[in-house]
Amino acid sequence: MKRGIGLGLCLVGLTGGAAGAQAPPDDAPVRSRQVEWKGPYFLLGLGVEGYTGKLAPNLDPGPSYGVIVGYRPNDFLGLEVGYSGGASNLAVSESPSIGNPDIVRNGAQAGVTLGFTSKRLQPFALAGIGVERYSVRSGNFFQFLDDTGGYAPVGLGLRYQLRPRLTAEVRGSYSFLFGQDFSRAQDLGAGDGRYQGTLQIGGSY
């Protein structure tokens, strides 16, 4: 009988040990390649932007920054709104009397993102539409004027879940400009636009 009791205790111990081994740790969702992306989120971004086409020679690349608030109804689709800003020096003259004027951009945009996987490292595409205000600092330079215009950004990105509530992502985009009246003296064409690359850090809820 003692032998039977001992055998029963051994079976209970083994069963409990197996159950403990199968129980997932608290950080299993983080360590797993498959994670949940849905829910509200926000992002703070900093990077660089520049212009293409005939705008490029007179507008130097400069800093870019922004804030995004969004919501993902599932692991793949994201809906977002945000602020986007940037600054570029006007490389138009070597004359010291002109100084070093620059043009500052402040805009608001709405967009969508589409993720390609539901894994912890998720590539995605983005598209949107926005309106922005160009302001020339150090006075109105004769080739560049204060102006308001629209734009449509498209691009690709890669996001990574550092922790269950902390995300980092890299975005690269190209914005088609609806109008370039801030640069009236230029012979503008369809190839004129703006490229942007940013690193975004944020959280989800």
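Everything numeric here is computed off the predicted structure, so don't read it as measured data. Here the residue numbers are simple positions, counted from 1 along each chain's written sequence. Local features in this predicted model are restricted to residues of pLDDT 70 or higher, and side-chain atom pairs are both shown and tallied only at a pLDDT of 80 or more, whereas totals for entire chains, interfaces and linings draw on every residue. Side-chain numbers come from the whole structure's heavy atoms, not from hydrogens or water.

Points about the pattern of salt bridges
Opposite charge on two side chains permits pairing when their charged atoms draw close.
Here comes step 1: Salt-bridge detection follows one rule: a side-chain nitrogen of Lys or Arg within 4 Å of a carboxyl oxygen of Asp or Glu. According to the stated counting rule, one finds 7 salt bridges in the structure shown.
Here comes step 2: In this structure, Glu49 engages Arg105 in a salt bridge whose closest nitrogen and oxygen atoms are separated by 2.7 Å. Remark: Arg105 occurs in strand S4 (residues 102–115) and Glu49 occurs in strand S1 (residues 39–51); sequence separation between them is 56 residues. Across the pair, Arg105 and Glu49 agree in class, each one buried.
Here comes step 3: Linking Asp102 and Arg137 is a salt bridge whose minimum nitrogen-to-oxygen distance equals 2.6 Å. The way it works is that DSSP assigns letters per residue, a run of H or I at least four long becomes a helix, a run of E at least two long becomes a strand, and they are numbered from the N terminus. Buried residues are those whose accessible area, probed at 1.4 Å on protein chains only, stays under 20% of the maximum for their type, while exposed residues exceed 50% and partly exposed ones sit between those limits.

Here we look at the pairing of S1
The two faces of the sheet receive side chains in turn, since in a regular strand these alternate between them.
Here comes step 1: Note on pairing: DSSP must find at least two bridges between two strands before they are called paired. The pairing of S1 with strand S2 (residues 62–72) spans 11 bridges and is classified as antiparallel. Bridge pairing in S2 places Leu44 opposite Val67.
Here comes step 2: Here S1 pairs with strand S8 (residues 193–204) via 11 bridges, running antiparallel. Looking at the pairing, Tyr41 lines up with Ser204 of S8.

Thoughts on the confidence of the model for the chain
Here comes step 1: Note: pLDDT gives the predictor's confidence per residue, expressed from 0 to 100. For the chain, mean pLDDT is 82; residues scoring 70 or higher make up 74% of the total.
Here comes step 2: Residue contacts are counted whenever heavy atoms from the two residues lie within 4.5 Å of one another. Low pLDDT, under 50, characterises residues 4–21; the predicted model gives this stretch 0 contacts beyond four residues in sequence or across chains.
Here comes step 3: Confidence over residues 26–32 falls short of pLDDT 50; this stretch has 9 contacts with residues more than four positions distant or in other chains.

Quick notes on the pairing of strand S5 (residues 121–137)
Here comes step 1: Where S4 and S5 come together, 14 bridges link them in antiparallel fashion. Note that in S5 the partner of Val112 across the bridge is Ala127.
Here comes step 2: Between the end of S4 and the start of S5, which pair antiparallel, lie 5 residues.
Here comes step 3: In the sheet, S5 pairs with strand S6 (residues 147–163) via 12 bridges, with the strands oriented antiparallel. Of the residues in S6, the one forming a bridge with Glu132 is Gly149.

Considerations on the sheet that holds strand S3 (residues 77–89)
Here comes step 1: In space, the 8 strands of this closed barrel follow the order S1-S2-S3-S4-S5-S6-S7-S8, with antiparallel pairing throughout. Pairwise comparison of adjacent strand axes, ignoring direction, gives a mean angle of 25 degrees for this sheet. Axes here refer to lines fitted to C-alpha atoms; in helices the fit is confined to the stretch in contact. Angles between the N-to-C directions go from 0 to 180 degrees.

Here's the deal with the environment of Leu77
Here comes step 1: By the element assignment, Leu77 lies in strand S3.
Here comes step 2: Using a relative accessible area of 32% as the deciding quantity, one classes Leu77 as partly exposed.
Here comes step 3: A sequence separation of 48 residues divides Leu77 from Ala125, and the C-alpha atoms of the two residues are 9.9 Å apart.
Here comes step 4: Excluding anything up to four places from it in sequence, Leu77 contacts Tyr71, Arg72 and Thr113.

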